Amino acid sequence: MNSRNTISSKSLAITPYHQGFETDASGWYYSTAGIDRYQSGSGPLALTAPDGSYYAQVNNDDADYSQNNYGGGGASVFGGLSPYPGNDFFQSVDVYLDTSWPAVASGRVSVDFVASNSDGTNYDWNTESRFGILAPNPSAGFSVRARGVQLVTLTTTGWYTFRVDYFKGSNPTDNSTVLMSVLDDNGAVIASQSFDNCDNPTTCTSNADLGGTGFVNFLAWRLGFADDMIGIDNVRSGFIAGDPEVSLSTASIDFGDIEVGTTSSIQNFIIENTGGTDLNLGTLVLTGSHNGDFTMVTDGCSNLTIAPTNTCSVVVVMTPSALGARTAQIDIPSNDLSNPDSVDLLANGVQAGLTMSSSSIDFADVEIGTTSNTQSFIIESTGGSDLTVGTLALTGSHSGDFTMVTDGCSNQTIAPANTCQVDVVVTPSALGARIAQIDIPSNALSNPDSVDLLANGVRADIILSTNDLDFGFVAMNNSDNSAVTITNSGSGNLIINSISSPNAPFSIIGGTCLALPVTLSPNQSCDLLIEFLPQSLAGNFTDSIEIVSNAISSPNNLTIRGSSNQQAVQVPIINNFGIGLLILMMAGLGLFSRRRITN
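First, a word on scope: everything that follows refers to the structure included in this document. (Residues numbered from 1 in each chain as written. Predicted model: local features only at pLDDT ≥ 70, side-chain atom pairs only at ≥ 80, totals over all residues. Heavy atoms only, no water.)

### Looking at the overall build of the protein chain
Here's step 1: Counting its regular elements, the protein chain contains two helices and 42 strands.
Here's step 2: Sorting the 599 residues of the protein chain into buried and exposed places 41% on the buried side.
Here's step 3: Across the protein chain, every contact between residues at least 6 apart in sequence was considered, and the portion connecting residues at least 24 apart equals 69%.
Here's step 4: Here the protein chain has roughly 27,800 Å² of accessible surface; of this, 49% comes from carbon and sulfur atoms. (Helix = DSSP H or I, 4+ residues; strand = E, 2+ residues; numbered from the N terminus. Buried < 20%, exposed > 50% of the residue type's maximum accessible area, 1.4 Å probe, protein only. Contact = heavy atoms within 4.5 Å. Areas by Shrake-Rupley, 256 points an atom, 1.4 Å probe, with all protein chains shown as cover.)

### What to know about the pairing of strand 16 (residues 267-273)
Here's step 1: Alignment of strand 14 (residues 246-248) against strand 16, held across three bridges, turns out to be antiparallel. Residue pairing in the sheet places valine 246 in a bridge with asparagine 273 of strand 16.
Here's step 2: Across six bridges, the pairing between strand 16 and strand 21 (residues 311-318) is antiparallel. Along strand 21, the bridge assignment pairs isoleucine 270 with serine 313. (Pairing = 2+ DSSP bridges.)

### Things to note about the state of the cysteines
Here's step 1: Under the definition given, this model contains three disulfides.
Here's step 2: One disulfide in the model links cysteine 409 with cysteine 420; its S-S distance is 1.9 Å. Between cysteine 409 and cysteine 420 the disulfide shows an S-S torsion of about 110°. By sign, it is right-handed. Separated by 11 residues along the polypeptide, cysteine 409 in the loop between strand 29 (402-407) and strand 30 (413-414) and cysteine 420 in strand 31 (residues 419-426) bring together distant segments of the chain. The pair cysteine 409 / cysteine 420 is uniform in exposure class, with both members buried.
Here's step 3: One disulfide in the model links cysteine 513 with cysteine 526; its S-S distance is 1.8 Å. Disulfide cysteine 513-cysteine 526: the torsion about the S-S bond is 105°, which places it as right-handed. Of this pair, cysteine 513 sits in the loop between strand 38 (506-510) and strand 39 (518-520) while cysteine 526 sits in strand 40 (residues 525-532); the two residues are 13 residues apart in sequence, bridging distant segments of the chain. This pair shows no difference in class: cysteine 513 is buried, exactly as cysteine 526 is. (Disulfide = S-S within 2.5 Å.)

### A short note on the pairing of strand 21
Here's step 1: Within strand 21, six of the eight residues are buried, which leaves it mostly tucked inside the rest of the structure.
Here's step 2: The pairing of strand 19 (residues 294-299) with strand 21 spans five bridges and is antiparallel. Bridging from a neighbouring strand, phenylalanine 294 pairs with methionine 318 of strand 21.

### Observations concerning the sheet that holds strand 16
Here's step 1: On the basis of which strands lie adjacent, the open sheet formed by four strands has the order 14-16-21-19 and antiparallel pairing. Pairing within the sheet leaves two strands with one partner each, and these edge strands are strand 14 and strand 19. Sheet twist, expressed as the average angle between the axes of neighbouring strands with direction ignored, equals 30°. (Axes fitted to C-alpha atoms, helices over the stretch in contact; angles between N-to-C directions.)

### Some words on the packing of aromatic side chains
Here's step 1: Applying the stated criterion to the full structure yields eight aromatic pairs.
Here's step 2: Ring geometry for tyrosine 38 and tyrosine 55: centres 6.3 Å apart, planes at 40°, overall tilted. Taken together, the positions of tyrosine 38 in strand 2 (residues 33-39) and tyrosine 55 in strand 3 (residues 54-60) put the pair 17 residues apart, joining distant regions of the chain.
Here's step 3: When the centroid spacing of 5.4 Å and the interplanar angle of 70° are considered together, the rings of tyrosine 96 and tryptophan 159 count as edge-to-face. With tyrosine 96 in strand 5 (residues 89-97) and tryptophan 159 in strand 9 (residues 158-167), this residue pair connects regions lying 63 residues apart in the sequence. Take tyrosine 96 and tryptophan 159: they sit in the same class, and that class is buried.
Here's step 4: Pairwise contacts between aromatic rings join Phe471, Phe506, Phe532 and Phe541 into one cluster.
Here's step 5: Its end group placed over the ring of tyrosine 54, arginine 37 keeps NZ or CZ at 3.7 Å from the ring centre. (Phe/Tyr/Trp six-rings, centres within 6.5 Å; stacked < 30°, edge-to-face > 60°. Lys NZ or Arg CZ within 6 Å of the ring centre and 35° of its normal.)

### Brief notes about unusual backbone geometry
Here's step 1: Note the cis peptide between alanine 504 and proline 505, where omega equals 15°.
Here's step 2: For the peptide bond that leads from serine 554 to proline 555, omega is 0°, which places it in the cis range.
Here's step 3: Following the sequence through the fold, proline 555 ends up in the loop between strand 41 (539-549) and strand 42 (556-564).
Here's step 4: A positive phi angle, close to 50°, is found at alanine 46, a residue other than glycine.
Here's step 5: Locating alanine 46 in the fold gives a position in the loop between strand 2 and strand 3.
Here's step 6: With relative accessibility at 42%, the residue alanine 46 sits in the partly exposed group.
Here's step 7: Here the phi dihedral of alanine 417 falls at roughly 75°; this positive angle occurs in a residue that is not glycine.
Here's step 8: Judged by its relative accessible area of 57%, alanine 417 is exposed.

Keep in mind these values describe shape, not function.
Below is the structure:
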């Protein structure tokens, strides 16, 4: 829609007057209705914005509009200015009108401009004029006001521009004049009406300055319509002059959070000449505290002459060199009266951070050839930007003994405050200390990070107090017993799983090793009590006891031996009387023997 205005339309720095609705809808003056801002194609009306990405809709909160009560409940007022900006000034607004709407078909849409001003010098400006918008074959028209109503019949649905131009007369005796026009979407004038500033020529001052020193009672557009809403866009203001004007598509560019050392995506801004003569631009220059972080990758504006309504563009990127806020600006020298203009550049340098739940994992003693319990560590993204983790790698002297059974971190992108987890086990292949580490490459400031892995390979061993238990000779029906001590001579826990029972005449009759399985820590012992009891057997006996454990030498065998013969002769016990009797008997036998020899 900017192409309709061949005169200057540079925005005035007067609040709350806005150029359009590309930024927001706040600050608009309105009465009896609200103004809502919508993206092109959305909203209740779903209109396509004539310029840019947004338009607004005026909401009429009183659908009972009366054509005979001008400005009744259906009137909506917006776009107020205070004070008057000055002479040779214009205002315009784009309004969407659909000829199928009942309000248009019944002749109940009006667009008018109203203003009044008094500067205390008997000067009075009081304007109220409007266009009555009709569709083909409308019903009753509009009531006539002091300035009159010009009826305009519209046959095409679309966006229309309503414009008011203020001119100060060239002669001192001339009255200031106002020209009110209706333009179609191509900028062609459909209808216009003009009037001067005097309601009462006897009391008004000829050719008065519109600016004055007084106050504005009212200076706004007013829409009257019976429907609930109507679309508007591009409420413009400007001076009718031939000066060049710099109009920027944005006053600032915010790149947001950018990782330190990383180049942002491109951002651009457009310079438009909204004046009436050529705009001569000088060399655009990056200035400010951190101008070295910003680059104009495409400068299509420096030292360029831009004709009215034409544009040029500049493309910018930024690469933060440090953490925190990074600021600069692009100065735009030109022959505009507002020279120099500038565009502010903003960014925030951020960096990924990495924190580990532990810097080392110690598996302690783990038996050689057996796999440990699982140990875990967690990686958390603690920086201001996403943490990108590379492939985790096991390195170090004994890396082959360790395994990442679950790797939830390699080649992952982790948002700030989020985590991933790695699970590790170890299977020692030899005795003694086993060491390795997990290297963690990433884009964090601390890169490279790592987790140390530690373990101690251990193995149980067994020593018997004797490997060959010999009971020697034991007479039949007699018994003997002996204890054998089992000691863990290794560095890991000794687990005795089974002990075999010997055959008769041997047996295990007790000991602390019988409550199987038995676990002995290094240097700890238990014992077996073994008995040899030959009853009705005679001869030499040999057997063994098998001890099964997790010892290196398992199974271990204990040999047991013993011997026995027939039952021993019982010798009676002889007291003193018996001894005397025995002596007498032996003496008698001796006398008998001598007698026989002599014979």
